[in-house]
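A structural walkthrough
In case you want the letters, here they are:
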Amino acid sequence: MAERFDCYHCEDSLFGRKYILREERPYCVACFEALFASTCEECGKLIGCDCKDLSYKDRHWHEACFHCSRCRGSLVDKPFAAKEDQLLCTDCYSQEYSSRCQECKKSIMPGTRKMEYKGSSWHETCFICHRCQQPIGTKSFIPKDGQNFCVPCYERQYALQCVQCKKPVTSGGVTYREQPWHRECFVCTACKKPLSGQRFTSRDEFAYCLGCFCDLYAKKCAGCASPISGLGGTKYISFEERQWHNDCFNCKKCSLSLVGRGFLTERDDILCPDCGKDI
């Protein structure tokens, strides 16, 4: 007795008939199409075994149904783009949806690299420095008057030059006497400590921190011998080429403050009228 060779699903004999193997099981054409064939997205009919099944993201089409939703041109073996479940050829997609290059005004085709900045788009090859005409790509750039510049070109053309080191000041600079400085270059003339954000003063157009200025140029108090800066509203008393801090202007004998009072002098000392009446 001959061995049977039947359809796995309907069990009809497959001898002399076309059949399809799936997972090593034979199916007649009718059963295979009923069980496994995909439905075409376009026409809604089954994609039979004798037809080419084209698929994209779990969707299927007959070869003749796989066309652009807008111009109806075939998409077989051609690049395409998807938008809201519709398939479009690259020409239709670019006309309908693609952004336009800010430089050449042409469409930026799907799948091509583009550069974006503040709502504007460029082809990668069109996004270039206005001065040197070299592609900027992913490097840092600086916009100026509607044009984009690579950092070296911007610095050469527009950046202020630090008075001290003569290099461009691109950010975080300091202005002193209407001239630009890097923060790290604006230092005390004497001790070289940074002055940015600190109180300072100047002499002969040179900047000094308060400590150095007082040590070098401030008058010394006749009472405590410490410098009298005279800065920031500091009050002091001056008499015959001598100076005192307000708190140091006291009677040598009784330590009474003589600020706003009459006083007498005995050699280098100052005395209140009571202590000086016996002079």
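Residues numbered from 1 in each chain as written. Predicted model: local features only at pLDDT ≥ 70, side-chain atom pairs only at ≥ 80, totals over all residues. Heavy atoms only, no water.

An unreviewed UniProt entry annotates the chain as Four and a half LIM domains 2 originating from Monodon monoceros. UniProt annotates the chain under Subcellular location (unreviewed entry) with the comment "Nucleus". (UniProt positions renumbered as here; feature names shortened; annotations may be inferred.)

Summed over all chains, the structure comprises zero disulfides. The thiol of cysteine 68 is unpaired, and the distance to the nearest cysteine sulfur, on cysteine 71, comes to 3.7 Å. A relative accessible area of 0% means that cysteine 68 is categorised as buried. Cysteine 214 takes part in no disulfide bond, and the closest cysteine sulfur to it belongs to cysteine 209, at a distance of 8.8 Å. (Disulfide = S-S within 2.5 Å. Buried < 20%, exposed > 50% of the residue type's maximum accessible area, 1.4 Å probe, protein only.)

Another point: the nonpolar core. Grouped together as the largest cluster of nonpolar side chains are 15 residues, with contacts concentrated most on Cys40, Trp61, Phe66, Cys68, Leu75, Leu87 and Cys89. Of all the secondary-structure elements, those providing two or more residues to this core are β6 (86–89) and α2 (90–96). Here this core takes three residues from β6, the largest share from any one element. Those residues in contact with cysteine 89, other than ones at most four positions away along the chain, are Cys68, Cys71, Leu75 and Pro79. Membership of the second largest hydrophobic core comes to 14 residues, among which are Cys162, Tyr176, Phe186 and Cys188. (Core = buried A, V, L, I, M, F, W, Y, C linked by side-chain atoms within 4.5 Å. Helix = DSSP H or I, 4+ residues; strand = E, 2+ residues; numbered from the N terminus. Contact = heavy atoms within 4.5 Å.)

If you check the backbone angles, aspartate 77 has positive phi at about 60° while not being a glycine. Within the secondary structure, aspartate 77 sits in the loop between β4 (59–62) and β5 (80–83). Phi is positive for glutamate 84, which is not a glycine, with a value near 50°. Mapped onto the fold, glutamate 84 is located in the loop between β5 and β6. Glutamate 84 gets classed as exposed once you look at its relative accessible area, which sits at 67%.

Here we take up the side chain of histidine 67. When you line up the elements, histidine 67 lands in the loop between β4 and β5. Under the relative-accessibility criterion, histidine 67 is labelled buried at 14%. Of note is the side chain of histidine 67, whose polar atom sits 3.1 Å from the side chain of arginine 72. Leaving out residues up to four positions away in the same chain, histidine 67 has contacts with Glu42, Arg72, Gly73, Ser74, Leu75 and Leu87. (Polar contact = N/O pair within 3.5 Å; in protein donor to acceptor, adjacent residues only side chain to side chain.)

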